[in-house]
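# What the coordinates show
So you can see what is in the structure, the chains are spelled out below.
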Amino acid sequence: MRKDLIAGNWKMNATHLDAIQMVQKLSYRLNDSDFDRVEVVVCPPYTALRSAQTVIETDHLRIKLGAQNCHYADSGAFTGAISPGMLAKLSVRYVIVGHSERRHVFGETDADINRKVKAVYEAGMIPIFAVGELEAERDAGRTEERVRSQFAAGTSGLTQEQVNSLVVAYEPVWAIGTGNTATPDDAGAVCTFIRELAADSYGDAADHMRILYGGSVNPGNVAAIMAKADIDGALVGGASLDPDTFASVVRYWV
Ligand code: PEP
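This is a predicted model, so every value here is computed, not measured. (Residues numbered from 1 in each chain as written. Predicted model: local features only at pLDDT ≥ 70, side-chain atom pairs only at ≥ 80, totals over all residues. Heavy atoms only, no water.)

Glancing now at the state of the cysteines. Overall, the coordinates contain zero disulfides when judged by the stated rule. In this structure Cys43 is not part of a disulfide, and its nearest cysteine sulfur, from Cys70, lies 12 Å away. Not engaged in a disulfide, the cysteine Cys191 finds its nearest cysteine sulfur in Cys43; these two sulfurs lie 18 Å apart. Assessed through its relative accessible area of 0%, Cys191 is described here as buried. (Disulfide = S-S within 2.5 Å. Buried < 20%, exposed > 50% of the residue type's maximum accessible area, 1.4 Å probe, protein only.)

Contact geometry for helix H1 (residues 16-28) and helix H3 (residues 46-58): axes closest at 8 Å, N-to-C directions at 35°. For H1 against H3, the interelement crossing comes out right-handed. Along the contact surface, H1 presents His16, Ala19, Ile20, Val23 and Gln24, while H3 presents Thr47, Ala48, Ser51, Ala52, Val55 and Ile56. Considered class by class, the residues forming the contact of H1 with H3 number seven nonpolar, four polar and no charged. (Axes fitted to C-alpha atoms, helices over the stretch in contact; angles between N-to-C directions. Helix = DSSP H or I, 4+ residues; strand = E, 2+ residues; numbered from the N terminus. Left-handed = near helix turned anticlockwise from the far one by under 90°. Contact = heavy atoms within 4.5 Å. Nonpolar A, V, L, I, M, F, W, Y, C, P; charged D, E, K, R; others polar.)

This paragraph deals with the site of the ligand. Around the ligand, a shell composed of 14 residues is seen, among which Lys11, Glu171, Gly177, Ser216 and Gly237 lie nearest. Contact between the ligand and Ser216: an oxygen atom at 2.7 Å from a main-chain N or O atom of the residue. Here the residues of the shell around the ligand sort into four nonpolar, eight polar and two charged. (Near = heavy atom within 4 Å. Polar contact = N/O pair within 3.5 Å; in protein donor to acceptor, adjacent residues only side chain to side chain.)

Inspection of the secondary structure assignment puts Ser216 in the loop between strand S7 (210-214) and helix H12 (222-226). On the basis of relative accessibility, which here comes to 18%, the residue Ser216 falls in the buried class. There is a polar contact of 2.7 Å between the side chain of Ser216 and the backbone oxygen of Ala175. Other than its neighbours up to four places away in sequence, Ser216 contacts Ala175, Gly177, Thr178, Gly179, Asn180, Thr181 and Asn221.

Another aspect to go through is the sheet that holds S7. Strand order in the closed barrel formed by eight strands is S1-S2-S3-S4-S5-S6-S7-S8, and the pairing between neighbours is parallel. Pairs of neighbouring strands in the sheet enclose a mean axial angle of 25°, with direction left out of account. Relative to strand S8 (residues 233-236), strand S1 (residues 4-9) runs parallel, the two sharing four bridges. Looking at S8, one finds that Leu5 is bridged to Gly233. Across the face of the sheet, helix H6 (residues 110-122) comes into contact with strand S4 (92-97) and strand S5 (126-131) while running at roughly 160° to S5. Along the sheet, helix H8 (residues 143-155) makes contact with S5 and strand S6 (167-170), crossing S5 at roughly 155°. (Pairing = 2+ DSSP bridges.)

Next comes the structure, spelled out in structure tokens:
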């Protein structure tokens, strides 16, 4: 049985002081039964991780901590980069890897992403591994081709055990931050396709692997998206910045 997972990607928003308030407000709006049903993850910027960790641990909150990126090396001459081990020491549980902004704004390649996915596991954390097609690729009917190649490259060399815990986020690039959500049917079909890809390479692990949809998810569209059999949660950008709104996304069945 796969537990729903809803993760907020704050991107380059929120100081460490903002983060304290955001985590506290979010926790006030959620109760134990919400956490029993959904794993709730927030992914603040690096500079806010320590403050968020402190609030979570001091107040015994059930919110989990994610990071938005990492380097693949343990340490070394990589000015400005943060290693998986540094994140793990801050009780970070999940790391987003391969977000479209990392791929398209920062030029990360499939090979970089695969190294990061493996490094996240080696540090004892779980990747939220993002894939998704560009608008032109969708228009050309190449969504499956694109997702297949990203999935194969990003997961290359993983073990079945690792894929059991893997979280894949299907995020069509044209839907991120645009207000243009994929229809639940289209999103559900691509997520089913991703699970089939995983089954081809990793057998039963595909049934355990969680698949999120991301791309302009909000309180008004989340329930229809979550109703799809192969969608196990959401990766939420803009709508995660306001704790009230994000809590409504988390409580999608209400
Ligand atoms: C994201 O950043 O992963 C995302 C899906 O953003 P938004 O919800 O704003 O489209």
